[in-house]
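# Per-entry structural report
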Amino acid sequence: MPRTRTVATAAASIDRRALLAATGAVALSAGIGHTLGPGADSGNAAPLGRTAVARSRQAPAAPLAPYKGGTTLLTVAAPRGSSGYRRLGDGPAWRRVVRGDLAAAKAGREERRTALAAFVQFTDLHLVDVQHPLRYEYLRAQTASAWRPHESLSVAGAVSLVERVNALRGAPATGGPLHCVVTTGDNTDNNSRAELDWYLKVMSGGRITPNTGDPRRYEGVQASGLPLYWHPDDALRDADKSLGFPRLHGFLDAAIREVNSPGLALPWYSTVGNHDALPGGCWAPRDPYLTDFAVGGKKLMSLDETRGAALWKAVKKGRDPKGVRFKELLESEARRMRSVTPDASRAPFTPAEYVRAHLDPAHRGAGPVGHGYTEENLAADTQYYSFRVSDDVLGISLDSTDPAGHYEGSLGTRQLRWLERELAANERRAGGPSYVVVFSHHTSRTMRNLRQDPSRPAEARHGGDEIVSLLGRHRSVLAWVNGHSHKNAITPHRTAHGSFWEVSTASHIDFPQLARVVELTDNHDGTVSLFTTLIESAAPHRTDFADLSQTGLAALYRELSFNAPGAKPALGGEAGDRNTELILRKG
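So, here's what we can say about the structure. Here the structure is a predicted model, which means the values were calculated and not measured.

Basis of the calculations
- Residues numbered from 1 in each chain as written.
- Predicted model: local features only at pLDDT ≥ 70, side-chain atom pairs only at ≥ 80, totals over all residues.
- Heavy atoms only, no water.
- Helix = DSSP H or I, 4+ residues; strand = E, 2+ residues; numbered from the N terminus.
- Buried < 20%, exposed > 50% of the residue type's maximum accessible area, 1.4 Å probe, protein only.
- Contact = heavy atoms within 4.5 Å.
- Areas by Shrake-Rupley, 256 points an atom, 1.4 Å probe, with all protein chains shown as cover.
- Pairing = 2+ DSSP bridges.
- Phe/Tyr/Trp six-rings, centres within 6.5 Å; stacked < 30°, edge-to-face > 60°.
- Lys NZ or Arg CZ within 6 Å of the ring centre and 35° of its normal.

Turning next to the overall build of the chain. Across its full length, the chain holds 14 helices and 22 strands. Out of the 587 residues in the chain, the part that is buried amounts to 62%. Once local pairs closer than 6 in sequence are excluded, the contacts in the chain between residues at least 24 apart make up 76%. Within the structure as shown, the chain displays about 21100 Å² of accessible surface, and the carbon and sulfur contribution to it stands at 52%.

Right, dumping it as structure tokens:
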């Protein structure tokens, strides 16, 4: 692990950073963040010759100090009123909680600590083509995640989150520079090429028209006349208007209007999730029938509730990982489907196409080239890699999706062995091991899907308990950062050999629509602190129903998500899952 510096040396380091920041001359070497790739069989990860070095943006003006602006330490969106459709406004902040589950917090650490790294986690953006034929909105009565009244605004909401990160002065707990942004999967919703293009433009910058099918009009369920869905432009007394949802003239036209993203001003890295790899996030990919249906001209918008309940039960219990029952249902409902405009951009993308799209120079943005993925990933048919978060911290991005289907995850033996080699190689690193942060989509509790990968039939799959055991054997591991559950949860893991924190962050599609800043500091007393600070998008908490601008839509995205029927109020987690200081005993 990085050698502990003396207090005098640490103070000199802070003074140097402040001086450089004040002159506007610094993009810290700790922000180099180059990709190491999937690693050679020897386990010695090394920078690839083709990989460009991506540097963090300039540090904020001196002095570096903790701050609250733009974070939930200052204010959090909160409802006004107690019933019906509730408007949002500025609510009370979430305080920072010190957690000593794994080590005691020692007095005086505030004066001693030095920063090791800081990054932002985006997770479960679910940039969604709401008109995609494979969507199963008609299961709304069975699960709130099947269709949300606000999801046509997911692109505007994600762009506003990018704007928030770009506006941050630095890392909230230390005031130091942010080194990068890391996504932890479900960047897209339907494994659709159009959605992948939108995601890459949101992150790297560009103009996005969040519309497929007919370029002149919206053709999805919100213009169907079916009372199951909110019809914002229509006087129809639908299920959502009966709960107080407003009528907003011009909403659907605005929702498919061009959106402009400035792109992140920081290097960013991408991790894959089940919705990025599987149709519907749960069915095994590359089924010819589902591929043809995705780009075709028919869409099912309603379904008998009994049939819907049976289908969702099969999905939830993992009884239809290949989508056999789903296909049978679509075939049997062919006469009740509605016509939509076919669109080839709705086709599913393969893992290789996902990697290749990240390597496209058009999506480089702040870099690095490939955003973690390399030509080596293409050659090896993998979607996992390691990279430098900072000089002191190694990041490891995993692919936890099971290609056999179902929305829960696991790792194959090949990837597990690679992970073991990366951790062992780090321990042999010249000058001492780096600290390690592991990134994945699935949480330890949702890695229970051990179905055999069809492309590697002789390979076993490995679940969350085994991953926890492996990470716990390496004292360099500080944290496992993930998403998937759409809920804030921070879990301490203590094993016979070591301990680490699992940091799970809520999604950006379900309220409270959050991202998380994570900072790592050396306390120079035998402990390390991980600071977690939640942030919202840059959109104002208060909405204006007459404002259908890009910013106005991003504000509506948040407010509509709060009011969505079936929304779970517990997704924000408890105080100890939000803004925290997590203490670890490390050598």
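Of all six residues that make up strand 17 (residues 477–482), six are buried, and the element is covered over most of its length. Sheet topology note: the strand 15 (residues 435–439)/strand 17 ladder contains four bridges and is parallel. Each bridged residue has a counterpart across the sheet, and for Val436 the counterpart in strand 17 is Val477.

Attention now goes to the packing of aromatic side chains. For the structure shown, the criterion picks out 18 aromatic pairs. Judged by centre distance (4.0 Å) and plane angle (5°), the rings of Trp283 and Phe326 are stacked. Of this pair, Trp283 sits in the loop between helix 6 (274–277) and helix 7 (288–295) while Phe326 sits in helix 9 (residues 324–332), placing them 43 residues apart in sequence. With a relative accessible area of 2%, Trp283 lands in the buried category. When its relative accessible area of 1% is taken as the criterion, Phe326 is described as buried. Ring geometry for Tyr354 versus Tyr373: centroids 5.8 Å apart, planes at 70°, classification edge-to-face. With Tyr354 in helix 10 (residues 351–359) and Tyr373 in the loop between helix 10 and helix 11 (375–380), this residue pair connects regions lying 19 residues apart in the sequence. Considered together, Tyr354 and Tyr373 belong to a single accessibility category, that of buried residues. Aromatic rings pair up to connect Phe119, Tyr269, Phe349, Tyr354, Tyr373, Tyr385, Phe387 and Phe439 into one cluster. Across the ring face of Tyr67, the terminal group of Arg169 is positioned such that the distance to the ring centre comes to 4.4 Å.

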